[in-house]
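# Geometric and topological summary
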Amino acid sequence: ILTVVEQLKGKGIPIHFWKVGANFTSEQSQFIRDRQLLDVVSYLGQPDADRLVEIYNVADCLMAPSLYEGFGFTLLEAMACGTPVITANVTAMPEVAGEAGILVNPLNIEEMVQAVSGLYHQPALCHELVEKGLRRVRGFTWKHTAEQVAQVYERVVA
C-alpha cells in the first residue's frame with residue numbers, strides 16, 4: 001500500500017493513507033521517511049468500534065490487498081458504512097466483496113494504483129460501489145450465517 005501511495009502522490013492524485021491496527025514496522029517507517037510520505041501517511045492506532053465507524057465514514061475507500069485472510073470482516077464493515085472497497089482477488093476476499101468491490105492482484109502495484117485512480121476520476125463508479133456494498137452487506141447477518149451452519153449440520157447428520 002505504501003508503494004501505491006507513493007505512486008499516486010507522484011501522479012498528483014490527492015491521497016492520504018490512514019493505517020489502523022498494528023503500527024508500521026521499522027522497515028515501513030523507514031520507507032515512509034525515505035520516500036517523503038510523512039505528509040500523506042498517518043497511523044491512527046487501534047480505534048474502538050465507534051471511532052472505527054467514524055474513520056470508515058470519512059474514508060474515500062478501503063484498501064485491503066491481503067494475501068492471508070480468513071474472512072473479510074473489514075470489507076463488510078467498510079461497505080456497511082458506505083465506503084468503497086478495493087481488495088485482493090485471492091483468499092476469501094472475492095467471496096465477501098462479490099461485485100461490490102474492486103478486486104485486484106495484491107502483488108500488482110499498478111492494478112492497485114489504477115483501482116484507486118479509477119475511484120478518484122470516476123465518481124459514478126464510486127457511487128455504484130457504495131450502492132452495491134450497502135446491498136451486499138445485508139446478506140451477511142448472524143441470523144443468515146446461523147441458518148447456513150444449521151443447513152450444513154442437517155446435511156451431515158442426514
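For the structure itself, consult the block above.
What this report covers is the structure whose coordinates are included nearby. (Residues numbered from 1 in each chain as written. Predicted model: local features only at pLDDT ≥ 70, side-chain atom pairs only at ≥ 80, totals over all residues. Heavy atoms only, no water.)

### Thoughts on the overall build of the chain
Our working definition: For the purposes of this entry, the term helix denotes a DSSP run of H or I that reaches at least four residues, the term strand denotes a run of E that reaches at least two, and both are numbered from the N terminus. Exposure classes here rest on a 1.4 Å probe applied to the protein chains alone. A residue is buried below 20% of its type maximum, exposed above 50%, and partly exposed in between. In what follows, residue pairs with any heavy atoms lying within 4.5 Å of each other are defined as contacts. Areas reported here follow the Shrake-Rupley algorithm with a probe of radius 1.4 Å; residue values treat only the protein chains shown as occluding. Asp and Glu count as negative and Lys and Arg as positive, but His and the ends of the chain are not part of the count. One atom stands in for each charge, and that atom is NZ of Lys, CZ of Arg, CG of Asp or CD of Glu.
Helix and strand content of the chain: 8 helices and 5 strands. Across the chain, helices and strands are ordered from the amino to the carboxyl terminus as α-β-α-β-α-β-α-β-α-β-α-α-α. Once the C-alpha set of the chain is aligned to its principal axes, its extents read approximately 60 × 35 × 30 Å. Relative to its full complement of 158 residues, the chain shows a buried share of 35%. Taking all contacts inside the chain whose residues are at least 6 apart in sequence as the whole, residues at least 24 apart take part in 55%. As displayed, the chain has an accessible area near 9,600 Å², and 54% of this comes from carbon and sulfur atoms. The averaged location of the 18 negative side-chain charges in the chain is 2 Å from the averaged location of its 12 positive side-chain charges.

### Quick look at the packing of helix 6 (residues 109-121) against helix 7 (residues 123-137)
Put simply, the rule reads: Whenever a helix is involved, its axis is fitted only over the stretch in contact; in every case the axis is a line through C-alpha atoms, and angles between N-to-C directions fall within 0 to 180 degrees. Orientation categories follow fixed angle ranges, with anything under 35 degrees roughly parallel, anything over 145 roughly antiparallel, 65 to 115 roughly perpendicular, and all other angles oblique. Here the nonpolar group is Ala, Val, Leu, Ile, Met, Phe, Trp, Tyr, Cys and Pro; Asp, Glu, Lys and Arg are the charged ones; every other residue, Gly included, is treated as polar.
Taken N-terminus to C-terminus, the directions of helix 6 and helix 7 make an angle of 100 degrees; their axes are 5 Å apart at the nearest point. By the angle between their directions, the pair helix 6 and helix 7 is classed as roughly perpendicular. Note on element contacts: helix 7 touches helix 6 through P123, L125, C126 and L129, opposite G118, L119, Y120 and H121. Residue composition of the contact of helix 6 with helix 7, grouped by class: 6 nonpolar, 2 polar and no charged.

### So, the pairing of strand 4 (residues 85-88)
For the record, the criterion: Strand pairing is defined by DSSP finding a minimum of two bridges between the two strands. If you view a crossover with the strands going away from you and the path from the first strand over the helix to the second runs clockwise, you call it right-handed.
In terms of strand pairing, strand 3 (residues 62-64) meets strand 4 through 3 bridges, oriented parallel. By the bridge assignment, A64 is partnered in strand 4 with T87. As for the winding sense of the linkage, the β-α-β connection from strand 3 through helix 4 (residues 73-80) to strand 4 is right-handed. As paired strands, strand 4 and strand 5 (residues 101-104) are joined by 4 bridges and run parallel to one another. For T87, the partnering residue across the bridge sits in strand 5 and is L103.

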